[in-house]
Amino acid sequence: MRATIMYGAGDVRVENVPDPVIQNPTDAIVRIVNSCICGSDLHPYHGMPSSRQGSPMGHEFIGAVEETGKDVSTLKKGDFVIAPFAWSDGTCDFCREGLQTSCRHGGFWASGGIGGAQAEAVRVPFADGTLVKAPVGEDSELLPSLLTLSDVYGTGYHAAIKAGVNARTTVTVIGDGAVGLMAVLSAKQLGAEQIILMGRHKARTDLGIEYGATDVVAERGEAGIEKVRELSGGDGTHTVLECVGYRPAYDQALGVIRPGGVISRVGVPQYEDAPIGFGSMFGPNITLTGGPAPKACWHPAGGSAPWCSPKRRGTFTIPK
């Protein structure tokens, strides 16, 4: 089959690789119908050291089950499925608590001997715990929307939930990529009445307005911080959803957060050192949260994760 392999910064190749096969009785083979390029793929694309063996790419996909191991009980050949960006057994203590991204036996696509999703097919470990069956066929007009559930929508929603967004909170979203736009949509769904989108790509920010953004700030750095504070009465917003992952975005979040507010980071951080001391976070009582989105926030079986909204948990409705 064909698969996408990255060999270094800017060096991406589509190559022929061995077809995936069942290795464990809990595995499934999924033929990939649609997959995404993620913003987190851009980080190695810009800075990955050269590698002779390369690294498979992709972690967002939907597709059809082609084969299952003998212990897979909830799926069969032909089922159309959505895969989150991490695979998990669904039974360990972390999974039962709704934190599948910390599954004791799980992992992430394109690592640890598991293939990437920018390919024709992939082996799915712990298929019962990982895959979500969707009541659609391969010809459904909903496929692009369902594909967002594999990562970007769940990630944007996770950012808003972890920040405690509700009708009483003002929101700044940093980043106008797919996750940032889904964070805008999620904040609107959770009732936020002021949502400031920080982005400078007009086609994207126009979509952000359609999704619920009340204001757009194209400026960056100190100019952007000043504009957000002006729009929020001088104090900044109650919450900031940081959907980029670079240090300047973190610094911008610190600049626009209101005292007592919450910064929720879901852009994969490309830095280890950042201000967390008295002047930046401790003194003004700023909370820092975020992380990889767990599957429980949208899994039809629900989850017990405390950050999952009871109104949203346990639902998976496909319109007719």
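We now turn to the structure provided with this report.

Thresholds applied
Residues numbered from 1 in each chain as written. Predicted model: local features only at pLDDT ≥ 70, side-chain atom pairs only at ≥ 80, totals over all residues. Heavy atoms only, no water. Phe/Tyr/Trp six-rings, centres within 6.5 Å; stacked < 30°, edge-to-face > 60°. Helix = DSSP H or I, 4+ residues; strand = E, 2+ residues; numbered from the N terminus. Buried < 20%, exposed > 50% of the residue type's maximum accessible area, 1.4 Å probe, protein only. Core = buried A, V, L, I, M, F, W, Y, C linked by side-chain atoms within 4.5 Å. Pairing = 2+ DSSP bridges. Polar contact = N/O pair within 3.5 Å; in protein donor to acceptor, adjacent residues only side chain to side chain. Contact = heavy atoms within 4.5 Å.

In this section: the packing of aromatic side chains. Within the structure shown, the criterion is met by 5 aromatic pairs. When the centroid spacing of 5.7 Å and the interplanar angle of 55° are considered together, the rings of Tyr250 and Tyr271 count as tilted. Here the residue Tyr250 occupies a position in helix H9 (residues 247-256), and Tyr271 occupies one in the loop between strand S15 (257-265) and helix H10 (278-282), the gap between them amounting to 21 residues. Residues Tyr250 and Tyr271 agree in their burial class; the two are buried. Where Phe278 meets Phe282, the ring centres are 5.7 Å apart and the plane angle is 40°; that geometry is what we call tilted. Taken as a pair, Phe278 and Phe282 lie in helix H10 at a separation of 4 residues, close to a single helical turn.

We now examine the nonpolar core. In this structure, Leu146, Val165, Val171, Val173, Ile195, Leu241 and Cys243 are the most contacted members of the largest nonpolar core, which totals 31 residues. Mapped by element, the contributors of at least two residues to this core are strand S6 (80-83), helix H4 (143-148), helix H5 (152-163), strand S11 (171-174), helix H6 (178-189) and strand S12 (195-198).

Bringing unusual backbone geometry into the picture now. At Ala110, a residue that is not glycine, the phi angle is positive and equals roughly 65°. In this fold, Ala110 is placed in the loop between strand S8 (107-108) and strand S9 (121-124). In this structure Ala110 comes out as buried when scored by relative accessible area, which is 17%. We note that Asn285 has phi near 60°; this positive angle belongs to a residue other than glycine. Within the secondary structure layout, Asn285 lies in the loop between H10 and strand S16 (287-290).

The subject of this paragraph is the pairing of S6. On S6, burial covers both faces: Phe80 and Ile82 on one face and Val81 and Ala83 on the other are all buried. Sheet topology note: the S6/strand S10 (residues 132-133) ladder contains 2 bridges and is antiparallel. Paired with Val81 across the bridge in S10 is Lys133.

Time to look at the sheet that holds strand S3 (residues 28-35). Spatially, the 5 strands line up as an open sheet ordered S9-S3-S5-S6-S10, and their pairing is antiparallel. Strands with a single pairing partner mark the edges of an open sheet, and in this sheet they are S9 and S10. Relative to S9, S3 runs antiparallel, the two being bridged by 4 bridges. In the sheet register, Ile29 faces S9, and the bridge partner there is Arg123.

For Arg123, the position within the fold is in strand S9. Arg123 gets classed as buried once you look at its relative accessible area, which sits at 12%. At 3.5 Å, the side chain of Arg123 and the side chain of Gln23 are in polar contact. Here Asp27 takes part through its side chain, which lies 2.9 Å from a polar atom of the side chain of Arg123. Those residues in contact with Arg123, other than ones at most four positions away along the chain, are Pro20, Val21, Gln23, Asn24, Asp27, Ala28, Ile29, Trp109, Gly113 and Ile114.

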